[in-house]
Amino acid sequence: MNKNIYTPDLAIITKVCDEAAGIKTFTLEFQEPEIQKSFDYRPGQFVELTILGVGEAPISITSSPVNKGYLELSVAAVGKVTQALHLKKEGEVVGLRGPYGNGFPLNEVKGKNTLFVGGGIGLAPLRSLINQIFAQRGDFAKISILYGARNPALLCFMNDLERWTKIENSEVLLTVDVPDAKWKDNVGVVGSLLPKIDIDIENTVAFVCGPPIMIHFVILDLLRMGFGENKIITTMERRMECGLGKCGHCNIGKSYVCLDGPVFSFQQLRELGES
Amino acid sequence: MKKVLTTCEFCGCGCNFYLGVEGGEIVAVYPSFSHPISQGRLCIKGWQGHEYIHSPERLIAPLIRKGNRFREASWNEAYQLIVDKFNQTRTRYGNDSVAVLSSAKCTNEENYLIQKFARACLGTNNVDHCARLCHASTVIGLATTFGSGAMTNSINEIEGADVILIIGSNTTEQHPLIGDRVLRAITKGAKVIVADPRQTQVAKLSSLYLMHKPGSDVALLNGMMNVIIAEGLEDKEFIAERTEGFEELKKTVASYTPERSAEITGVPEESIIEAARIYAGSKKSIIVYSMGITQHTTGVDNVMSCANLAMLTGNVGGEFNGVDPLRGQNNVQGACDMGALPNVFPGYQAVTDEKMRNKFEKAWGVRGLGVNLPSQSGLTVVEMLDSALEGKVKAMYIMGENPMVSDPDLNHVEEALKTLDFLVVQDIFLTETAFLADVVLPGVSFAEKDGTFTSTERRIQRIRKAINPLGDSKPDWKIVSELSSRLGYPMDYKSPREIMDEIARLTPIYGGISYQRLENFGLQWPCPTPAHPGTPFLHKGSFSRGLGKFSPASYKTPAELPDVDYPFILTTGRISFHFHTGTMTRKDWALDREYPKGYAEVNSEDAKELGLRNGQTAKVISRRGEISLPIRSTEAIRKGVVFIPFHFAEAAANKLTAANLDPVAKIPEYKVCAVRLELAL
Amino acid sequence: MKLLNKANLAPFLERLRPEFEVVAPLYEGQDILFGDLDSSQLATDFIGKPRLSPKEYLFPQRERLFTFNVCPESIEIEAHFNETKRVIWGVRPCDLYGLKFLDLVYLKDYIDPYYQARRANTLLLGLNCNEAEESCFCSSLRTGPFAKEAFDLLFTDLGDVFLVEIGSRAGEKLIEKGANLFNLATSKEREKAKLLEEKSKKTFKTSIDLGKIKAKIAAASDNPVWAEEAVKCILCGGCNWVCPTCQCFNVEDIKAGHKTQRIRYWDSCQLGGFTQMAAYNSRAAQAERLRQRIYHKFSYNPDKYGGEIGCTGCGRCTDVCPAGINIAYILRRVANE
């Protein structure tokens, strides 16, 4: 409680790998083992990442709480901070504050089917939830994962996707908008995969994450399929700075995306006037 | 916390605010509520535009070129190198082989010293500054018609006008506190007519908007005058008593029928007629103009046509009527007043006038040194660069200017500057121009020195030192003095106050100015004596030259028109968040966050025809160069016209512009040149 | 309640100087701004409020949060708190309410330690308003012209004497410091104060119907007033800079050598860059941003903070606007008047 809410803790980059074209995944460990041990987070939450001398940016956590001892962040270089991050190597130090945000509802979907629809790097926060669910496989019913990107070079987390396909009572369907010569799977937007799955909509909760346009159309499709507004869960993107409801940038209606989100149900979004 | 009252360093409105100082840093801004112009209001630059002062990129020590890089040096070493090089150059090639560029951002005292330095020390009249690029047409056009080239009204009078004709001025974005007065006038029932090829914010708020073709201003104004005369709306009494040359004017505008004007300008006949009737229908009609009028090869003609229109209807020389050129920089009016111009001493006293030269020779004590002040007018900004390429100008001293982004035809500018044997640049950041220098001298911002700025309404106001110069930098007036002394012409001023006392003795329009008298928010010139209260509006009773001179102009096309290869008109300009070459504003987060990158404004129909989407990157190409930048597709610009703000060095609009000059004013035609657009792959 | 002769105000504040930094409305040239008492003339003979609220003593325009010191062996983070003991005199009821509101923002949920350090060390001496200024409408929001809470001491100008109410133990301790300067108030003075309050309420030229606004605001997203007024806005941010309840800030890291300072600055929701993201801007139109400012104060914040209105009715935003955008006019349009 005495800790300054604005000062980051230091963390070391222990691994950097190229996730996809223009996207890298960084594995981080807090310098202080105590902090690492006590860093509790839920899938869907984010951290505020500091690149020393450059600035701070909110990044969603893509590892799962079951992965002890480290954090993973998958990042595209789109701004000042993320561009600086992409130049960092193993052993370099960054700052982390968090975790912030509300996280995905996990207990509420126990016993239900889950449908994940991800686009591009939007799969990152979903991956955290998916791996958490797979770690507690017995508590959940059928798992369907629909994932797409603009082209094959932009597909992320291929290792996880391959692993997930092999798990019982789960299915993974992939698609790209623009295929290359080697592409053998579906071609089309990720929403075009929806008719290809067979799920019991009444008992399914859908999680959608990706570019705003994609989310918009997929949610329309899901509503048309009969999903209830409170059974469609997505993440809201807004310019965020403090991450804890003070600086005002992410204010929507009476909510702050960093406090009451970034995870919202479609019903909540509609009530905020954001649909 | 200390609060220091000072004048804004950005535009010509001349707002005042307090800088809050704590721990040697500027940490707050408070508007001045009792100030006659700002009245407690500021634009975003005034409120949040000062962070650059503490940027880690500030120059804090002299730099000397070493190959492709710079090394820090002591002031002694830097000065010695300059002295040696200047002496060598002048001995070998003559006094006029050195040219000086002064700064419209620096104070009156500094501008006065640098022109004195150029004339008395270096023996050359090659001194000019960026007014050449913005209001040179005004200085000449209004001097010809009225006898003096400055805003005739005070800013506060604009609120009381019944009719405001705004031509070529994006008032609410570029002179926000003048835009404020225009809006207040509207709430009081005033009619506002806006003529601009772009539908700017003030155009959207106007009563009548004329989207005329870039460069067709003479035709538009002559057309209005034609209507006024045809309908008998001219002020016969005013014309008879206060002007000369009316018959000439009548003859010239006779051929600019509404039909002909409509054809040239692209503005419907009815609108031209309506505009004329509205403007002539009141004795409280004010013309407000800026770059859209001045930055043309016909800049002087455009200005004179505005003056003609005002005189025709008796709308000048009274309160609430007049002709108001809006000066852009915080001290461009002052830099002109101080004679940082090749043809005049301070106070617009001609260098070619022997009586004037005698006066200054005596006052500046050069006779004792066996020197006469140079008697021929010197080179203007663009001419200096051309002269460098011709091998005549060998060395330059540039203070607070960035021609590598602000001058037309940048590839040409770069070539010219690189031809110089020796270049000294004095600035607060390592600008694109400083980057080419042999010696860089660190000056200071407006918050680190005392001095005065003169706003667009001729108001001379104090700036006051709030923090100490950063690092090893020095106030610009000190640098000029020290350099001059080392070059054999001693300058030993204890403070800017002393410099202003000298200015007052030699400059009639500043005759009554002293720091003590400026304490109460400054004084407006002419202020010829210590008892004179200053002058709110000009030409009351009689013009500066006696009778106003009608100076008719005929429509001439811009120098470079669109053709098959380059089918679009490029017009350059400004946005409210950045200032000129962005040296300061691109280091302020609040300003840079709004526009981190440049862009090109394209008419939405044109964009569709070109297959360009909003936000896509396009290549814009002219005969002189090309740049790539994202486009913004909009309906608020004339079809066939492309607008690019010139603030962004990496997508520099001036790579495309041409150094086509007004023959008398030598101002470049920034507002018209020909380009083509292509999709950038 | 106590009485303090007007002539004794300056001596009283001087008595506090050894222990406290005393802030009061001062004459800076011809302007009246809050300042440190030892630099200028104390301004007590004016009608109306200082042009900026005193919120910057708790939430500065520019505040250094901490410094990263990056050495080869270690990286240190040094936080900078301001714990100077401070007394602010002459805080009008609108500004008292503004600070009470900011306490909700900064001292709830995640506690802002910088605001907390300053707030814990600041005492507020309020001054009731006997006359409204042109754009004041605090009476419509019941945040003024006389304050009812959120002060340590509250002064009412009765003519040549102040009536002083005690609002906290800390305030009481200040009176003890001024001991012999204060007299006891009688019912006569309390009555006079009540009459002055009623008289003050009648001096308001601007008013709004808060009930109607609360009822209508939820449905006013598409009211044409947003676009109509926004077209004049020049994005100066002045409305936010002078507002007693505006809370938004931007954080920048500024590197010089091996030190990086993390500094926060006041930010403005009226600027386009406020909501700009890499791919798009969630409030791209000025009309949306103008609506955001009004809604944040009259709808969103009340929803979040248990009904507390996020506006004090001080009218400063109207005074400072170079485009003449008037908050009371907008609110009347929202209420469909």
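Residues numbered from 1 in each chain as written. Chains lettered and ligands numbered in written order. Predicted model: local features only at pLDDT ≥ 70, side-chain atom pairs only at ≥ 80, totals over all residues.

1. Points about the overall build of chain B
- The helix and strand tally for chain B stands at 24 helices and 28 strands.
- Its C-alpha atoms give chain B a radius of gyration of 24 Å, near enough to 26 Å, the size a compact globule of 681 residues would have.
- Across its three principal directions, the C-alpha atoms of chain B cover 70 × 65 × 55 Å.
- A total of 681 residues make up chain B; the buried ones form 64% of that total. (Helix = DSSP H or I, 4+ residues; strand = E, 2+ residues; numbered from the N terminus. Rg over C-alpha atoms; globule rule 2.2 N^0.38 Å. Buried ≥ 20, exposed ≤ 12 C-beta atoms within 10 Å, placed from the backbone.)

2. Re the overall build of chain C
- Along its length, chain C carries twelve helices and 13 strands.
- For chain C, the C-alpha radius of gyration of 21 Å lies close to 20 Å, the compact-globule estimate for 337 residues.
- Dimensions of chain C along its principal axes, counting C-alpha atoms only, are 65 × 65 × 40 Å.
- Per-residue burial for chain C yields a buried fraction of 50% across its 337 residues.
- Sequence-distant contacts, at least 24 apart, represent 71% of the contacts inside chain C between residues at least 6 apart. (Contact = placed C-beta atoms within 7 Å.)

3. Observations concerning the nonpolar core
- Grouped together as the largest cluster of nonpolar side chains are 394 residues, with contacts concentrated most on Leu49 of chain A together with Ile164, Met224, Ile287, Cys306, Met396 and Val642 of chain B.
- Looking at this core, the element that brings in the most residues is helix α15 (residues 299-312) of chain B, giving nine residues.
- Residues within four places of Leu49 of chain A in sequence aside, it is in contact with Glu56, Ala57, Ile59, Leu73, Val81, Leu85, Val94 and Leu96 of chain A. (Core = buried A, V, L, I, M, F, W, Y, C linked by C-beta atoms within 7 Å.)

4. Points about the interface of chain A and chain C
- Listed by partner, the interface residues are 28 residues for chain A and 35 residues for chain C.
- Counted by class, the side of chain A that touches chain C contains ten nonpolar, eleven polar and seven charged residues. (Nonpolar A, V, L, I, M, F, W, Y, C, P; charged D, E, K, R; others polar.)

5. Section: the sheet that holds strand β20 (residues 459-463) of chain B
Residues and elements named next belong to chain B.
- Taking strand neighbours across the sheet as the criterion, the three strands line up as β19-β20-β21 in an open arrangement whose pairing is antiparallel. Pairing within the sheet leaves two strands with one partner each, and these edge strands are β19 (451-454) and β21 (523-524).
- Strand direction decides the pairing type here: β20 and β21, joined by two bridges, are antiparallel. Bridging from a neighbouring strand, Ile460 pairs with Leu523 of β21. (Pairing = 2+ DSSP bridges.)

6. Some thoughts on the pairing of strand β11 (residues 204-209) of chain A
- With six of six residues buried, β11 of chain A is to be regarded as a mostly interior element.
- Side-chain alternation along β11 of chain A places Thr204, Ala206 and Val208 of chain A on one buried face and Val205, Phe207 and Cys209 of chain A on a second face that is also buried.

7. Points about the interface of chain C and chain B
- Opposite the 36 residues of chain C that make contact, chain B presents 35 residues.
- Broken down by secondary-structure element, the contributors of at least two residues to the side of chain C that touches chain B are β3 (31-36), α9 (238-241) and β12 (249-256) of chain C.
- Sorting elements by how many residues they give to the side of chain C that touches chain B places β12 of chain C first, with five residues.
- Each residue belonging to the side of chain C that touches chain B can be placed in one class, and the counts come to 15 nonpolar, eleven polar and ten charged.

8. Remarks on the domain arrangement of chain C
All names here are of chain C.
- Each assigned domain of chain C is listed here: domain 1 (2-59 + 81-201) and domain 2 (210-248 + 267-334).
- Relative to domain 2, the C-alpha centre of domain 1 lies at a distance of 27 Å.
- Counting from both sides, the interface comprises 22 residues of domain 1 and, opposite them, 17 residues of domain 2.
- At the level of secondary structure, the elements contributing two or more residues to the side of domain 1 that touches domain 2 comprise α2 (93-106) and α4 (138-141).
- Here the side of domain 1 that touches domain 2 gets eight residues from one element, more than from any other, and that element is α2. (Domains from an automatic or database assignment.)

9. Focus on the domain arrangement of chain B
Residue and element names in this part refer to chain B.
- The domains assigned to chain B are domain 1 (2-54), domain 2 (63-133 + 331-461 + 472-515), domain 3 (136-326) and domain 4 (568-679).
- Taken over C-alpha atoms, the centre of domain 3 sits 26 Å from the centre of domain 4.
- The partner domain 4 presents 23 residues to the 22 residues of domain 3 that form the contact.
- Contributing elements (two or more residues each) for the side of domain 3 that touches domain 4: α5 (136-145), α6 (171-174), α14 (291-294) and α15.
- For the side of domain 3 that touches domain 4, the per-class residue count stands at seven nonpolar, twelve polar and three charged.

10. Let's talk about the arrangement of the chains
- Ranking the two pairs of chains in contact by contact count places chains B and C at the top.
- Across the gap from chain A to chain B, with no contact made, the nearest C-alpha atoms are 12 Å apart.

11. Concerning the environment of Val218 of chain B
Residue and element names in this part refer to chain B.
- Within the element layout of this structure, Val218 appears in helix α9 (residues 217-230).
- Residues Val218 and Ser554, 336 residues apart in the sequence, show an inter-C-alpha distance of 6.9 Å.
- Leave out the neighbours within four places in its chain, and Val218 touches Thr298, Asp301, Asn302, Ser305, Ala553 and Tyr555.

12. So, the packing of helix α3 (residues 108-121) of chain B against helix α21 (residues 476-486) of chain B
All names here are of chain B.
- Following both chains from N to C, one finds α3 and α21 inclined at 15 degrees, their axes separated by 9 Å at the closest point. With respect to each other, α3 and α21 are oriented roughly parallel. Here α3 runs over α21; the crossing is left-handed. In contact with Glu109, Glu110, Leu113, Ile114, Phe117 and Cys121 of α3, α21 contributes Asp476, Trp477, Val480, Ser481 and Ser484. (Axes fitted to C-alpha atoms, helices over the stretch in contact; angles between N-to-C directions. Parallel < 35°, antiparallel > 145°, perpendicular 65-115°, else oblique. Left-handed = near helix turned anticlockwise from the far one by under 90°.)

13. Quick word on the packing of α5 of chain B against α15 of chain B
Residue and element names in this part refer to chain B.
- Orientation of α5 relative to α15, taken along the N-to-C sense of each, is 45 degrees, at an axis distance of 8 Å. Judged on the interaxial angle alone, α15 and α5 are oblique. In this structure, the crossing between α5 and α15 has a hand that is right-handed. Between α5 and α15, the residues in contact are Ser137, Thr138, Ile140, Gly141, Leu142, Thr144 and Thr145 and Gly299, Val300, Asn302, Val303, Met304 and Ala307, respectively.

14. Observations concerning the sheet that holds strand β5 (residues 62-70) of chain C
Residues and elements named next belong to chain C.
- The strand order β6-β5-β13-β12 describes an open sheet built from four strands, whose pairing is antiparallel. What marks the edges here is a single partner per strand, and that holds for β6 (75-79) and β12. Adjacent strand axes in the sheet meet at a mean angle of 20 degrees, parallel and antiparallel pairs treated alike.
- Pairing analysis gives five bridges linking β5 to β6, with the strands arranged antiparallel.

15. Re unusual backbone geometry
- Omega for the peptide link from Trp525 of chain B to Pro526 of chain B comes to 5 degrees, which places this bond in the cis form.
- Within the secondary structure layout, Pro526 of chain B lies in the loop between β21 and β22 (548-549).
- Residue Gly144 of chain C is joined to Pro145 of chain C through a cis peptide bond whose omega torsion reads 5 degrees.
- The topology assignment puts Pro145 of chain C in the loop between α4 and β9 (153-157).
- Phi at Phe157 of chain A takes a positive value of approximately 55 degrees, unusual for a residue other than glycine.
- Structurally, Phe157 of chain A is set in the loop between β8 (143-149) and α4 (158-165).
- With a phi angle near 50 degrees, His580 of chain B is a residue other than glycine that sits in the positive phi range.
- What makes His580 of chain B buried here is the crowd of 22 C-beta atoms within 10 Å.

16. Comments concerning helix α3 (residues 123-135) of chain A
- Between its terminal C-alpha atoms α3 of chain A stretches 18 Å, which fits the 18 Å expected from 13 residues at 1.5 Å a residue.
- Burial runs high along α3 of chain A: eleven of the 13 residues are buried. (Expected span 1.5 Å × (residues − 1).)

17. Some details on the environment of Val371 of chain B
- Positionally, Val371 of chain B belongs in the loop between α17 (354-363) and α18 (381-389).
- Not counting chain neighbours up to four residues away, the residues in contact with Val371 of chain B comprise Gly123 and Val366 of chain B.

18. A short note on the pairing of strand β6 (residues 93-100) of chain A
Residue and element names in this part refer to chain A.
- Counting buried residues in β6 gives seven out of eight residues, a clear majority hidden from the surface.
- Inspection of the sheet shows strand β1 (residues 9-20) paired to β6 by four bridges, in the antiparallel sense. Across the sheet, residue Ile12 finds its bridge partner in β6, namely Val93.
- Here four bridges tie strand β3 (residues 46-51) to β6, and the two strands are oriented antiparallel to one another.

19. Thoughts on the environment of Val54 of chain A
- Topologically, Val54 of chain A is positioned in the loop between β3 and β4 (55-60).
- Classification of Val54 of chain A by C-beta neighbours within 10 Å gives partly exposed; the count is 19.
- With residues up to four places along the chain from it excluded, the contact list for Val54 of chain A reads Lys80, Val81 and Ala84 of chain A together with Asp253 of chain C.

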